[in-house]
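# Structural overview
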Amino acid sequence: FALGICVGAGHSCGAAFPFDWWVKQDVIVESTQHRWFVLGTKTMIDAGFVVATSVPLALCWIYGERHNFTICNVSLGLSAVPAFVLLWELVMLPCALQGQSIPAPEPLSSLYIPYQFTLRRYWKSVLGMSLTWFIYDFIMYPFGIYSSMIINNITGGSSSLPIVLGWSVVIISFYIPGTLLGTFLIDYLGLKTAMIVGLLLQAAVGFTMGIMYIPLADNIAAFAVGYGIFLCLGEVSCGSCLRLLAAKTAPVAIDEQIYVIAATVGKVGAFTGTWVFPRVINIFGGSKTAKGNASPFWIGGGLAILSVVLTFFLVKPLTHDALKAEDK
């Protein structure tokens, strides 16, 4: 709850602010704004996921497999380090920005916002982004969190903990090339088209993983690569595009509110997916059966197709100068 208030809301509002500043100051060329935005937001988030997954593996090598309690406690303790670093940066930020002409956001209390007109104009895009973000987090968060469980299911629980964690790090590492590829596809294809293409490819890989689960399960390296490509394509599409869409759909006066709404719905999807994921496996036969372990990939592929439909009909295409047009 505290993270949601401090980091979640702060990240959502802070992610929309760079575009507001770039538009007013013309500090970054329009043709590269999307690329730098994704690199500064989603790529850094995914790098954090990779580091967070690597820490238990490193501690397992240090302390050994029999000290799970110590590994867990030290991992939790180390998670406080980034929070203290961020706190220090926030304390030092006013000093670092002295003399620079970075405008402070105008308080909403001083602005007149016609909410009825806003609802009529943007309801379709906000609904499409929110539902798509819900589905994206519903797929990606549990697939990331439970990657070690799936690897353990494939090996029948016979592999050592470092092996299971090591393959999990390999799988999660595919997040980063996904966002890097997404940055260039967005500039080349446009936001909406890049998102649809990425989702269609993710659905194809998800269905392939479901169909080929039994032969892939016999080769853990091939399974890990297929699993990683599935996650990678999720970052190419929704992972790279949703934050941009939320930050640029509406004018500066309300873009942060729209971003928070869409991101909050997405986090509900993450919570729901994390709760549903193991229950889906049990419904389809349990973790000891191929059908049970393959079921998340079938569902993930189907939900990716649903996201394509929602994006096609509800999300409007945006150009590099869309925010300037909305402000006018």
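These numbers were taken from a predicted model, which means no experiment stands behind them.

### Quick look at the overall build of the protein chain
Looking only at helices and strands, the protein chain features 15 helices and 0 strands. In the protein chain, which comprises 328 residues, the share counted as buried stands at 43%. Taking all contacts inside the protein chain whose residues are at least 6 apart in sequence as the whole, residues at least 24 apart take part in 83%. By element, 72% of the accessible surface of the protein chain is carried by carbon and sulfur atoms, the whole surface being about 16500 Å².

### Quick look at the side chain of Ser75
Along the chain, Ser75 falls in helix α4 (residues 68-78). Here Ser75 falls in the buried class, since its relative accessible area comes to 19%. Among residues more than four places away in sequence, those in contact with Ser75 are Val55, Pro56 and Leu59.

### Focus on a nonpolar patch on the surface
A cluster of nonpolar side chains, namely Leu200, Ile305, Leu306, Val309, Phe312 and Phe313, defines an oily patch on the protein surface of about 570 Å² accessible area. Considering every element that reaches the nonpolar patch, the biggest residue donor is helix α14 (residues 290-314), with 5 residues. In this fold, Val309 is placed in helix α14. A relative accessible area of 40% means that Val309 is categorised as partly exposed.

### Topic: the environment of Val126
Locating Val126 in the fold gives a position in helix α6 (residues 115-145). Put simply, Val126 and Leu314 are 188 residues apart on the chain and 8.4 Å apart in space, counted from C-alpha to C-alpha. In contact with Val126, not counting residues within four places along its chain, are Ile258 and Ile261.

### Things to note about the pattern of salt bridges
Enumeration over the complete set of coordinates arrives at 4 salt bridges. With a shortest N-O distance of 3.5 Å, Asp46 and Lys42 are connected by a salt bridge. Residue Asp46 and its partner Lys42 are located together in helix α3 (residues 42-63), separated by 4 residues, close to a single helical turn. Relative accessible area serves as the criterion here: at 0%, Asp46 is assigned to the buried category. On the accessibility criterion, Lys42 (3% relative accessible area) is buried.

### Examining the packing of aromatic side chains
Inspection of every chain in the model, using the stated rule, returns 16 aromatic pairs. A centroid spacing of 5.0 Å and a plane angle of 85° characterise the contact between Phe312 and Phe313, whose relative ring orientation is edge-to-face. Comparing Phe312 with Phe313 shows no difference in burial state: the two are exposed. One residue, Lys192, lies across the ring of Phe312, its end atom 5.6 Å from the ring centre.

### Thoughts on the environment of Ile261
Looking at the element boundaries, Ile261 is found in helix α13 (residues 252-283). Relative accessible area serves as the criterion here: at 45%, Ile261 is assigned to the partly exposed category. Considered as a pair, Ile261 and Val126 are 135 residues apart in the sequence and their alpha carbons are 8.1 Å apart. Ignoring anything within four residues of it in the chain, the contact list for Ile261 reads Val126 and Ser130.

### So, the packing of α6 against helix α12 (residues 220-248)
If you want to describe how two helices pack, look at the angle between their axes and the distance between the axes. Running from amino to carboxyl end, α6 crosses α12 at an angle of 150°, the nearest separation of the two axes being 10 Å. One finds that α6 runs roughly antiparallel with respect to α12. Classified by chirality, the crossing of α12 by α6 is left-handed. Every residue of α12 that contacts α6 at Met129, Thr132, Trp133, Tyr136, Ile139, Met140 and Phe143 is listed here: Tyr227, Phe230, Leu231, Gly234, Glu235, Cys238, Gly239, Leu242, Arg243, Leu245 and Ala246. Taken together, the residues that form the contact of α6 with α12 break down as 13 nonpolar, 3 polar and 2 charged.

### Quick word on the nonpolar core
Of all hydrophobic cores here, the largest spans 62 residues; its most connected members are Trp133, Phe143, Phe223, Tyr227 and Leu231. Ranked by residue count, the leading element in this core is α12, at 12 residues. Setting aside residues no more than four positions away along its own chain, Trp133 makes contact with Leu242, Arg243, Ala246, Tyr259, Ala262, Ala263 and Gly266.

### Here's the deal with helix α9 (residues 175-189)
Relative to the 21 Å expected for 15 residues at 1.5 Å per residue, α9 spans 20 Å between its end C-alpha atoms, a close match to the ideal helical length. Residues of α9 that are buried: Tyr175, Gly178, Thr179, Gly182, Thr183 and Ile186. In the segment just after α9, Gly190 is the residue with positive phi, at about 100°.

### As for the packing of α3 against α9
The interhelical angle for the contact between α3 and α9, taken along N-to-C directions, is 170°, at an axis separation of 9 Å. Taken together, the axes of α3 and α9 are roughly antiparallel relative to one another. The residues of α9 that touch α3, namely those facing Lys42, Thr43, Asp46, Ala47, Phe49 and Val50, are Tyr175, Ile176, Thr179 and Leu180. The residue inventory of the contact of α3 with α9, partitioned by class, reads 6 nonpolar, 2 polar and 2 charged.

Cut-offs applied
- Residues numbered from 1 in each chain as written.
- Predicted model: local features only at pLDDT ≥ 70, side-chain atom pairs only at ≥ 80, totals over all residues.
- Heavy atoms only, no water.
- Helix = DSSP H or I, 4+ residues; strand = E, 2+ residues; numbered from the N terminus.
- Buried < 20%, exposed > 50% of the residue type's maximum accessible area, 1.4 Å probe, protein only.
- Contact = heavy atoms within 4.5 Å.
- Areas by Shrake-Rupley, 256 points an atom, 1.4 Å probe, with all protein chains shown as cover.
- Patch = residues over 30% accessible without salt bridge, like charges linked within 9 Å, V, L, I, M, F, W, Y side chains within 5 Å.
- Salt bridge = Lys/Arg side-chain N within 4 Å of Asp/Glu carboxyl O.
- Phe/Tyr/Trp six-rings, centres within 6.5 Å; stacked < 30°, edge-to-face > 60°.
- Lys NZ or Arg CZ within 6 Å of the ring centre and 35° of its normal.
- Axes fitted to C-alpha atoms, helices over the stretch in contact; angles between N-to-C directions.
- Parallel < 35°, antiparallel > 145°, perpendicular 65-115°, else oblique.
- Left-handed = near helix turned anticlockwise from the far one by under 90°.
- Nonpolar A, V, L, I, M, F, W, Y, C, P; charged D, E, K, R; others polar.
- Core = buried A, V, L, I, M, F, W, Y, C linked by side-chain atoms within 4.5 Å.
- Expected span 1.5 Å × (residues − 1).

Read these as spatial facts, not as claims about activity.
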